[in-house]
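Chains, contacts and geometry: an overview
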Amino acid sequence: MAAVKLTSLRYILPEPFISLRRNFGMTVAAIMTVVLTLYLCGIFGILVVNIDQNATIMESAVEIKVFIKDGINQEQMDTLSAQVKSIPGVASVKYVSRAEGLELMSSKFGSSEEILAAIDTNPLPNSYTVKAESPEQVLSIVDAVNKLDNILAVRYGQGSVEKMFVFMNWIRSLGTGLMVLLGFSAVILISMNIRLSVEARKEEIQVMKYVGASNSFIIWPFILEGMLLGVLGGGVACILALMSYNAMLNLLLSSLNFLTFTPFRSIALPLVGAMLLIGLLLGAVGSAIAVRKHVNV
């Protein structure tokens, strides 16, 4: 049995390379199509990773400003502080006095000395700066704070925060959807290439079946051929995607330094591994589809 398996491997393993060389023009066209597909998948993947990273940073920076009514005593202040801290989803609570609030506001809009000199009475109330454990908990925290006593107002960037969350989720969904669509296209193209290879060897397959060749003996060369196409396409696509990302990173860092980009060294190895694996899987799936539909075994 071992001798039969070894004999089969001696035929099966070289066969994909022979087939690719025999249909060189079709092979090059198929690989280039896979390269384009996986390259676009890689670019979209990198885009989604960086957008997701910046979205996470922006979401984590969302703060809830809780303004406190004037005239409450220290005991009421301590009670209110404990109530805010006990709300589910609250990560931290920082007390900001009216003097600190005015100093912070003046630092944002100009010289603090000029602004402070122009104001006779500090109009700002005391407040708390509240941070949520996750962006999804902001609205529930705001609702809970609004029900407490001695609250003057709650501000968290109403409208703009919700729009930002919707936009970021839309971008993530769009990028993921495009990658799935491109992956589906790659499967179809690889399947078409393997189908042509099957058609070109139809007589040879019939002869092998006539002499008693097993199903796996006939099918595996085509599966390996598709996997080889996927890996070759994925490898070239990796190189192009990494070169593009490195050039893009150098360009964007000089003009959009307020954004955070994943370093090249951090994305290179995961991208290479993912694209080669995806190429391998796409090739295997595409081949399996073509063999199943066009080899009568």
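Reading the values: the criteria
Residues numbered from 1 in each chain as written. Predicted model: local features only at pLDDT ≥ 70, side-chain atom pairs only at ≥ 80, totals over all residues. Heavy atoms only, no water. Core = buried A, V, L, I, M, F, W, Y, C linked by side-chain atoms within 4.5 Å. Buried < 20%, exposed > 50% of the residue type's maximum accessible area, 1.4 Å probe, protein only. Helix = DSSP H or I, 4+ residues; strand = E, 2+ residues; numbered from the N terminus. Pairing = 2+ DSSP bridges. Axes fitted to C-alpha atoms, helices over the stretch in contact; angles between N-to-C directions. Salt bridge = Lys/Arg side-chain N within 4 Å of Asp/Glu carboxyl O. Expected span 1.5 Å × (residues − 1). Arc of directions from axis to C-beta. Polar contact = N/O pair within 3.5 Å; in protein donor to acceptor, adjacent residues only side chain to side chain.

Concerning the nonpolar core
The biggest cluster of nonpolar side chains holds 29 residues, and the ones touching the most others in it are L38, I194, F222, Y245, L271, M275 and L282. Every element with two or more residues in this core is listed here: α3 (24-60), α8 (160-200), α10 (215-255) and α11 (264-294). Ranked by residue count, the leading element in this core is α10, at nine residues. By size, the runner-up hydrophobic cluster in this structure holds 22 residues, among which are I64, V93, V142 and L148.

Observations regarding the sheet that holds strand β3 (residues 127-132)
Taken together, four strands build an open sheet; the order of strands is β2-β3-β1-β4 and the sheet is antiparallel. One side of each edge strand has no neighbouring strand; the edge strands of this open sheet are β2 (90-96) and β4 (151-155). Strand after strand, the sheet turns through a mean of 20° between neighbouring axes, direction not considered. Two elements, β2 and β3, share six bridges in a ladder whose sense is antiparallel. Across the sheet, the residue bridging to K94 is T129, located in β3.

A look at the pattern of salt bridges
Summed over all chains, the structure comprises one salt bridge. A salt bridge links K131 to E63; the shortest N-O distance between them is 3.9 Å. Taken together, the residues span a long stretch of sequence, with K131 in strand β3 and E63 in strand β1 (residues 63-68) at a distance of 68 residues. Look at E63 and you get partly exposed, because its relative accessible area is 35%.

Quick look at helix α4 (residues 74-85)
Every α-helix carries 3.6 residues per turn, so stepping three or four residues along brings you back to the same face. Its twelve residues give α4 an end-to-end C-alpha distance of 16 Å, which sits within 8% of 16 Å, the value for a rise of 1.5 Å per residue. Where α4 is concerned, the buried positions are M77, L80, S81 and V84. One side of α4 holds all its buried residues, which, seen down the axis, span an arc of 100°. A side-chain oxygen of the first residue of α4 lies 3.2 Å from the backbone nitrogen of E75; this N-cap is N73.

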